[in-house]
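Descriptive analysis of the structure
Here are the chains, one letter per residue:
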Amino acid sequence: MKRALITGITGQDGSYLADHLLDLGYEVHGIVRRVALEDSAHRLVRLAGNLDKLHLHAASLESFPSLFSVVSEVQPDELYHLAAQSFVSYSFDDSFSTFRTNIDGTHFMLECARRLVPSCKFYFAGSSEMFGHADEVPQNENTRFYPRSPYGISKVTGFDLSRNYREAYDMYVSSGILFNHESPRRGFEFVTRKITSHVARIKNGELNELPLGNLEAKRDWGFAGDYVRAMHLMLQQETPEDFVVATGKTHSVREFCQLAFEFAGLNYEDYVIKDPRFYRPAEVHLLLGDASKSKKKLGWEPTIGFEELVEMMVKHDLDLHSHH
Ligand code: G4F
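Once that is clear, we can look at the state of the cysteines. According to the stated counting rule, one finds zero disulfides in the structure shown. You can see Cys112 has no disulfide; the closest cysteine sulfur is in Cys120, sitting 11 Å from it. The exposure class of Cys112 is buried, given its relative accessible area of 0%.

As structure tokens, then:
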């Protein structure tokens, strides 16, 4: 039985990846913050269905010794490093803590792997935010990075660190360059879930408006459940490489709004208001991924398209809020 260790297991991607690896027969371990173990009803809610099958360990990305202890105890065959401060907007408010968590945290995990389990396969969660102000459309593995946020900068550095560990120490380290991926498990601060949860609360009369920032930004939005399959496939190859994971379609925040409200029988123009608080100091205007390498080498393809994704999220939130 293969043993996997996931950082960020309590998040959207970590929880889908844990589900997927359990289905494949893996022994699944996860690193969580001590406070999460103490407040499992709230903080482990995405893992609720599988808690009895998972092995959770308390540690912090800020503490090298705590991570060292867990990696040493678990001795994983595959390590998925997903934990990060992943909210782009917040990275402008506190770039310093974002760098510590995302850069040092990644460095700590790579170093733990090198010292303790050098033949372990390592996945680093890169991001399409690394492309930022991209000079070509669509973006692929060779597109130049031009990050536009502290978060993007931290992911470029994590990506460079990962590649350097692969090249310098001959380790199996692969980075996924994942475009936006969403689901009913998405955090409420991200725009898709913010929209679908507001739609549900407007529908049930709890709210009467939805304040948003830039409606013209375009993203390549896929389903998180599809994207974790690609992470696993990246670690099953002969040689470690980096892969773009995307749907190849892009849509604006406005289009997402329009469709989400439509599914609830509402017109977004009656509820969406522009709020300067949600504009970013520097914006990534357009992301569109070219995942042909993943398709060719991993045999990976997305199964859920944009409309299906929006509908899935709206339905879930309508259901969640109809009971209140
Ligand atoms: O949903 P978002 O906050 O996601 P963003 O910034 O694209 O980042 C996500 O995807 C990345 C992959 O490319 C990940 F690496 C990252 O961790 C995260 O998962 O914002 C999407 C767009 C932005 O252009 C933003 O300006 O929506 C626009 N937007 C407009 N109004 C808003 C809002 N975003 C948020 N969060 N809230 C708003 O009210």
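Here the focus is the site of the ligand. Surrounding the ligand, one finds 24 residues, the nearest of these being Ser127, Ser128, Tyr151, Arg280 and Glu283. The contact in question runs from a nitrogen atom of the ligand to an N or O atom on the backbone of Glu189, over 2.9 Å. The contact in question runs from an oxygen atom of the ligand to an N or O atom on the backbone of Val191, over 2.9 Å. Summarising the interface, the protein chains cover 96% of the accessible area of the ligand, which totals 720 Å² for the free molecule. Residues that form the shell around the ligand fall into these classes: eleven nonpolar, six polar and seven charged.

This paragraph deals with unusual backbone geometry. With an omega of -5°, the peptide bond between Val137 and Pro138 qualifies as cis. Tracing the chain through its elements places Pro138 in the loop between β5 (121–127) and α7 (150–169). Positive phi outside glycine occurs at Gln75, with the angle close to 50°. One can find Gln75 in the loop between α4 (64–74) and β4 (78–81). Classification of Gln75 as partly exposed rests on a relative accessible area of 35%. Phi is positive for Asp170, close to 60°, though the residue is something other than glycine. Checked against the element boundaries, Asp170 lands in the loop between α7 and β6 (173–178).

Turning our attention to the sheet that holds β4. An order of β3-β2-β1-β4-β5-β6-β11 is seen for the seven strands of this open sheet, with the pairing classed as parallel. Taken across any chain shown, the strands that pair with only one partner, and hence form the sheet edges, are β3 (55–58) and β11 (243–245). Strand-to-strand twist in this sheet, taken as the mean axis angle between neighbours without regard to direction, amounts to 20°. Across four bridges, the pairing between strand β2 (residues 27–32) and β3 is parallel. Within the sheet, the bridge partner assigned to Val32 lies in β3 and is Ala58. Packed onto the sheet, helix α1 (residues 12–23) meets β1 (3–7), β2 and β4 and runs at close to 170° relative to β1.

As a further point, take the domain arrangement of the protein chain. Each domain of the protein chain was delimited in the assignment, giving domain 1 (3–181 + 222–245) and domain 2 (187–219 + 249–283 + 303–322). Using only C-alpha atoms to locate each centre, domain 1 and domain 2 end up separated by 27 Å. At the interface, 13 residues of domain 1 touch twelve residues of domain 2. When domain 1 packs against domain 2, close to 1,200 Å² is buried across both sides, 57% of that on carbon and sulfur atoms.

According to the stated counting rule, one finds 21 salt bridges in the structure shown. A salt bridge links Asp242 to Arg166, with the shortest nitrogen-to-oxygen separation between them at 3.0 Å. Taken together, the positions of Asp242 in the loop between α9 (224–234) and β11 and Arg166 in helix α7 put the pair 76 residues apart, joining distant regions of the chain. Just as Asp242 is buried, Arg166 falls in that class too. Here Asp226 ties to Arg229 by a salt bridge, and the two come within 3.0 Å at their closest N and O atoms. Of the two residues, Asp226 and Arg229 both sit in helix α9, three residues apart, roughly one turn of that helix. Taken together, the shared-partner salt bridges connect Glu111, Arg114 and Arg115 into one network.

Thresholds, definitions, all that
Residues numbered from 1 in each chain as written. Predicted model: local features only at pLDDT ≥ 70, side-chain atom pairs only at ≥ 80, totals over all residues. Heavy atoms only, no water. Disulfide = S-S within 2.5 Å. Buried < 20%, exposed > 50% of the residue type's maximum accessible area, 1.4 Å probe, protein only. Near = heavy atom within 4 Å. Polar contact = N/O pair within 3.5 Å; in protein donor to acceptor, adjacent residues only side chain to side chain. Areas by Shrake-Rupley, 256 points an atom, 1.4 Å probe, with all protein chains shown as cover. Nonpolar A, V, L, I, M, F, W, Y, C, P; charged D, E, K, R; others polar. Helix = DSSP H or I, 4+ residues; strand = E, 2+ residues; numbered from the N terminus. Pairing = 2+ DSSP bridges. Axes fitted to C-alpha atoms, helices over the stretch in contact; angles between N-to-C directions. Contact = heavy atoms within 4.5 Å. Domains from an automatic or database assignment. Buried area = accessible area lost by both parts, 1.4 Å probe. Salt bridge = Lys/Arg side-chain N within 4 Å of Asp/Glu carboxyl O.

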